[in-house]
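Each chain is listed here by its residues.
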Amino acid sequence: MVPRLLLRAWPRGPAIGPGAPCRSLSADSRPGQYLQHSIVPTMHYQDSLPRLPIPKLEDTIRRYLSAQKPLLDDSQFRKTEQFCKSFENGIGKELHKQLVARDKQNKHTSYISGPWFDMYLTARDSVVLNFNPFMAFNPDPKSEYNDQLTRATNMTVSAIRFLKTLRAGLLEPEVFHLNPAKSDTNTFKRLIRFVPSSLSWYGAYLVNAYPLDMSQYFRLFNSTRLPKPRRDELFTDDKARHLLVLRKGHFYVFDVLDQDGNIVNPSEIQAHLKYILEDNSPVPEFPLTYLTSENRDVWAELRQKLIHGGNEETLRKVDSAAFCLCLDDFPIKDLVHLSHTMLHGDGTNRWFDKSFNLIVAKDGTAAVHFEHAWGDGVAVLRFFNEVFKDSTNTPAITPQSQPANTDSSITVQKLSFKLNDALKAGITAAKEKFDATTKTLTIDCMQFQRGGKEFLKKQKLSPDAVAQLAFQMAFLRQYGQTVATYESCSTAAFKHGRTETIRPASIFTKRCSEAFVREPSKHSAGELQQLMAECSKYHGQLTKEAAMGQGFDRHLFALRYLVAAKGIVLPELYLDPAYERINHNILSTSTLSSPAVNLGGFAPVVPDGFGIGYAVHDDWIGCNVSSYPGRNAREFLHCVEKSLEDIFDALEGKSIKA
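Predicted model, so just to flag it, every value in this text is computed and none were measured. (Residues numbered from 1 in each chain as written. Predicted model: local features only at pLDDT ≥ 70, side-chain atom pairs only at ≥ 80, totals over all residues. Heavy atoms only, no water.)

1. Focus: the overall build of the protein chain
Formally: Under the scheme used here, helices are H or I runs from DSSP no shorter than 4 residues and strands are E runs no shorter than 2 residues, and both carry numbers assigned from the N terminus. Here the globule rule is a power law, 2.2 Å times the number of residues to the power 0.38, and the radius of gyration is based on C-alpha atoms. Relative accessible area decides the class of each residue, using a 1.4 Å probe on protein chains only: under 20% of the type maximum gives buried, over 50% gives exposed, and in between gives partly exposed. As used throughout, the charge tally considers Lys and Arg to be positive and Asp and Glu to be negative, leaving His and the chain termini uncounted. In this description, the location of a charge corresponds to atom NZ of lysine, CZ of arginine, CG of aspartate or CD of glutamate.
Within the protein chain one finds 22 helices and 18 strands. At 25 Å, the protein chain has a C-alpha radius of gyration in line with the 26 Å of a compact globule built from 658 residues. Principal axes of the C-alpha set define a box for the protein chain whose edges measure 75 × 55 × 55 Å. Relative to its full complement of 658 residues, the protein chain shows a buried share of 60%. On the protein chain, the mean spot of the 79 positive side-chain charges and the mean spot of the 73 negative ones are 4 Å from each other.

2. Considering the pairing of strand β7 (residues 250–255)
Inclusion rule: Two strands pair under a simple rule: DSSP has to find at least two bridges between them.
With respect to burial, β7 is a largely interior element, 5 of its 6 residues being buried. Here 6 bridges tie strand β6 (residues 242–247) to β7, and the two strands are oriented antiparallel to one another. Pairing of Leu-246 across the sheet is with Phe-251, part of β7. Remark: 2 residues form the turn of the hairpin made by β6 and β7, two consecutive strands paired antiparallel; Lys-248 in that turn has positive phi of roughly 50°.

3. Regarding the environment of Phe-370
With respect to the secondary-structure elements, Phe-370 resides in strand β10 (residues 366–370). Look at Phe-370 and you get buried, because its relative accessible area is 0%. In this structure the C-alpha to C-alpha distance between Phe-370 and Lys-248, which are 122 residues apart in sequence, comes to 20 Å.

4. Section: the sheet that holds strand β11 (residues 413–415)
Paired through backbone hydrogen bonds, the strands of a sheet run either parallel or antiparallel to each other. Rules: Only the stretch in contact is used when a helix axis is fitted, and all axes are lines through C-alpha atoms; the angle between N-to-C directions ranges over 0 to 180 degrees. Contacts are assigned to residue pairs with any non-hydrogen atoms lying within 4.5 Å of each other.
Strand order in the open sheet formed by 8 strands is β11-β7-β6-β8-β9-β10-β1-β16, and the pairing between neighbours is mixed. At either end of the open sheet lies a strand with only one pairing partner, and these are β11 and β16 (597–601). The average angle at which neighbouring strand axes cross in this sheet is 25°, direction not considered. Two elements, strand β1 (residues 134–137) and β16, share 4 bridges in a ladder whose sense is antiparallel. Across the sheet, Phe-134 pairs through a bridge with Gly-601, a residue of β16. The sheet strands contacting helix α5 (residues 148–167) are β1, β6, β8 (324–327), β9 (356–360) and β10, and the helix crosses β9 at an angle near 150°. Strands β1, β9, β10 and β16 of the sheet are contacted by helix α12 (residues 377–393), whose axis makes an angle of about 15° with β1.

5. With respect to empty space enclosed by the protein
Put simply, the test is: A pocket, in this scheme, is an open set of points on a 1 Å grid over the protein atoms alone with protein on both sides within 12 Å along at least 5 of 7 lines, while a cavity is a set where a 1.4 Å probe fits but cannot get out; residues line either one if an atom lies within 4 Å of a point. Grid points are joined across faces, edges and corners, and a volume is the space filled by probe spheres set on the points. In the scheme used here, Gly and all other residues not listed as nonpolar or charged are polar, with Ala, Val, Leu, Ile, Met, Phe, Trp, Tyr, Cys and Pro taken as nonpolar and Asp, Glu, Lys and Arg as charged.
Taken as a whole, the largest cavity encloses approximately 170 Å³ of empty space. Lining the largest cavity are 20 residues, with Asn-598, Leu-599, Gly-600, Gly-622 and Cys-623 positioned closest to its centre. Only β12 (442–448), β15 (587–591), β16, β17 (610–616) and β18 (621–627) provide two or more residues apiece to the lining of the largest cavity. A breakdown of the residues in the lining of the largest cavity according to their chemical character gives 11 nonpolar, 9 polar and no charged.

6. Let's talk about the nonpolar core
Here is the rule we go by: For our purposes a nonpolar core is just a set of buried Ala, Val, Leu, Ile, Met, Phe, Trp, Tyr and Cys residues, chained together by side-chain atoms within 4.5 Å.
Counting 51 residues, the largest nonpolar core has Leu-273 and Phe-323 as the members making the most contacts within it. For this core, the element with the most residues is α5, which contributes 9 residues. Excluding residues within four positions of it along the chain, Leu-273 makes contact with Leu-149, Ala-152, Thr-153, Thr-156, Val-245, Phe-254, Leu-325 and Leu-327. Judged by nonpolar contacts, the second largest core, of 44 residues, contains Leu-456, Val-517, Leu-531 and Phe-610.

7. Side note on the UniProt feature "active site" (unreviewed entry) in the protein chain
The condition that has to hold: UniProt positions are given in the numbering used here, feature names are shortened, and annotations may be inferred rather than shown by experiment.
Those places that UniProt annotates as "active site" (unreviewed entry) correspond, in this numbering, to His-372. You can see His-372 is positioned in the loop between β10 and α12.

8. With respect to the environment of Val-128
Along the chain, Val-128 falls in the loop between α4 (113–122) and β1. Sequence separation between Val-128 and Asn-262 is 134 residues, and the spatial gap between their C-alpha atoms is 34 Å.

9. Describing the packing of aromatic side chains
The line we're drawing: Two rings from Phe, Tyr or Trp (for Trp, the six-membered ring) form a pair when their centres are within 6.5 Å of each other. A pair whose planes differ by under 30 degrees is stacked, one over 60 is edge-to-face, and the rest are tilted. Charge-over-ring placement is defined geometrically: NZ (Lys) or CZ (Arg) within 6 Å of the ring centre, and within 35 degrees of the ring normal.
Under the defined criterion, the tally for this structure stands at 31 aromatic pairs. Between Trp-116 and Phe-557 the ring centres are 5.1 Å apart and the planes differ by 80°, which places this aromatic pair in the edge-to-face class. Residue Trp-116 is located in helix α4, and its partner Phe-557 is located in helix α19 (residues 553–566); the two are separated by 441 residues in the primary sequence. Residue class for Trp-116 comes out buried when judged on its relative accessible area of 2%. Members of the aromatic cluster, connected to one another through ring pairs, are Tyr-64, Phe-87, Phe-552, Tyr-574 and Tyr-579. Above the face of the Phe-77 ring, Lys-69 is positioned so that its terminal group lies 4.4 Å from the ring centre.

10. Considerations on the side chain of Gln-148
On the secondary structure map, Gln-148 appears in helix α5. Setting aside residues no more than four positions away along its own chain, Gln-148 makes contact with Leu-277, Leu-327, Asp-328, Val-360, Ala-361, Lys-362 and Gly-364.

11. Considering the packing of helix α16 (residues 463–479) against helix α17 (residues 507–517)
We apply this condition: An angle below 35 degrees is treated as roughly parallel, one above 145 as roughly antiparallel, one from 65 to 115 as roughly perpendicular, and anything else as oblique. Helix crossings get a hand from a simple test, with the near helix turned counterclockwise from the far one by less than a right angle marking a left-handed crossing and a clockwise turn marking a right-handed one.
Running from N to C, α16 and α17 point in directions that differ by 55°, and their axes come no closer than 9 Å. Judged by the inter-axis angle, α16 sits oblique to α17. Helix-helix and strand crossings are classified by hand; for α16 and α17 the assignment is right-handed. Within the contact between the two elements, α16 uses Leu-469, Gln-472, Met-473, Leu-476 and Arg-477 and α17 uses Thr-509, Cys-512, Ser-513, Glu-514, Phe-516 and Val-517. Partitioned by chemical class, the residues of the contact of α16 with α17 number 6 nonpolar, 3 polar and 2 charged.

12. Brief notes about the UniProt feature "domain: Choline/carnitine acyltransferase" (unreviewed entry) in the protein chain
Mapped onto this structure's residue numbering, the UniProt feature "domain: Choline/carnitine acyltransferase" (unreviewed entry) falls at residues 52–641. For residues 52–641, helix accounts for 45% and strand for 15%, while the C-alpha atoms at its two ends are 38 Å apart.

13. Some remarks on unusual backbone geometry
Non-glycine residue Lys-460 carries a positive phi angle of around 60°. Relative to the assigned elements, Lys-460 resides in the loop between α15 (453–458) and α16. The exposed category is assigned to Lys-460, whose relative accessible area is 74%.

14. Remarks on the side chain of Ser-506
Residue placement: Ser-506 occurs in the loop between β14 (499–502) and α17. The contacts of Ser-506, once residues within four sequence positions are left out, are Pro-70 and Tyr-538.

Below, the structure written as structure tokens:
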């Protein structure tokens with residue numbers, strides 16, 4: 001099953017498309033049109049970004065075997081070792097040579113970019129639960145601004161400000177600063193803007209700053225994944241000026257940019273959204289939205305029927321809209337309800353194929369739900385953070401603001417679709433499938449309040465390593481074994497980098513988990529601390545390697561992709577049950593850390609797995625876990641909590657109770 005992620009992000013233009021030139025400040029710079037006016041053009045570093053390295057084959061095999069070690073018994077491991085040796089010395093060597101040669105011919109991109117797009121776009125499973133994750137915003141700190149109309153208006157205006165800032169080349173380039181005192185300064189920015197784009201990355205590197213790839217950003221807006229037989233397509237129309245709004249399964253569009261490209265007056269946007277919120281039409285008998293939750297081939301066939309039935313122009317308005325704003329008609333009860341609502345909802349009020357849906361519930365609770373083929377969490381998180389900051393610090397309207405005195409019935413167009421019997425039957429079948437699948441998903445949340453980042457760093461431990469160790473301990477406690485574990489890591493430090501996998505299950509976490517879970521009385525607090533220090537050190541090494549493109553997963557994936565492209569027999573390494581098992585990621589994990597994020601989540605990537613979204617905050621640890629029947633998210637979280645209690649006890653020198 002395909003890995004799905006939010007991200008393990010690097011902490012913290014395209015103007016129209018990748019590498020497009022940035023427009024100058026001469027664009028309309030009236031107050032309120034832009035989020036920021038960066039001295040350095042948005043895409044200034046893009047041309048000189050380093051290329052994603054292809055690891056040495058021997059390093060990939062060594063790392064692969066290290067990751068297999070905790071998952072296999074001795075005889076299984078010896079067999080896997082044999083498969084690896086014959087691959088490394090035989091067909092693997094030839095495939096690696098061909099991969100390197102292809103990469104040299106495609107210096108404009110990375111070796112993983114094409115295969116990774118293909119992996120997503122050729123997948124035929126529904127995007128709902130299988131791919132699309134969500135991130136929920138924290139409430140606006142000023143409680144009265146959490147009114148649904150106020151917040152939806154402010155977030156919409158901030159999102160369009162982001163769009164304009166990005167396209168004008170005025171958005172600050174995404175840079176990972178190791179020494180912000182030197183690199184994140186106006187002095188440095190004024191200097192670096194005069195360094196040619198072809199050299200600018202090196203200038204940043206000299207002051208320990210690492211610009212990140214921004215090639216995915218142009219797909220944030222006016223973009224949709226279109227279902228096609230066998231392989232979907234990504235569609236973008238950056239000329240479109242309208243917003244798509246969904247409410248109770250009805251579709252509405254209105255312009256948010258005028259003919260000159262300026263943002264429509266916020267009071268008019270507020271008036272249009274108020275008009276939509278006051279529409280009393282009942283939910284349609286056949287909500288078209290369910291089709292975006294279908295198997296991709298089924299949806300592709302039904303979409304053709306829609307087009308042939310006279311809906312092409314209407315669909316085009318949906319596909320080309322800046323983004324999809326979903327106005328839900330109920331408040332959020334708790335974190336579990338929040339997760340279910342933002343991850344899948346009831347299917348009537350989402351267009352799951354849009355690059356992102358901005359969802360605002362009745363009580364102003366908001367989230368971004370995004371389609372994953374076009375890009376990764378880094379671009380979405382940047383957008384998310386900027387929208388939160390702008391909509392809370394410089395809101396376009398206040399709760400006292402009056403909507404413009406305008407006739408929204410003329411400006412707002414309610415879309416209608418012509419549905420024949422075949423389409424109605426398709427919608428009914430999609431709804432039944434959607435309801436049956438989402439009913440099987442369990443989600444639970446936990447907040448561990450004993451400590452977080454600050455305490456763990458004082459103990460000289462990586463907070464992420466400790467969270468991952470807790471998951472290993474929890475699974476061992478619950479199921480008595482160590483299983484394949486996936487943690488996503490961004491490779492955005494490289495041109496067209498996507499992600500690499502950190503493999504948190506190691507011989508170190510296995511040894512440490514067994515000491516804690518199976519024989520705590522045999523180990524002193526000092527011995528347990530030593531075992532944790534080893535886990536932390538190794539996890540830090542894996543994280544660093546992954547971020548530098550030195551994992552093994554993407555390399556082996558690209559070699560396998562090459563095999564398929566050439567139509568040759570699959571090498572034994574890929575037929576080994578151990579290869580299948582390590583790619584059956586029972587623990588799929590992703591961390592999110594941002595002052596704007598309340599929580600994030602996704603479904604398990606395999607039927608017998610867990611989807612684990614987590615964040616280690618300064619003084620607490622949050623965890624959001626999903627499961628299907630056969631696994632128990634709530635029980636797993638109890639085990640995670642017990643594991644964290646044990647870890648903190650050991651770090652405080654206390655003895656561990658079994």
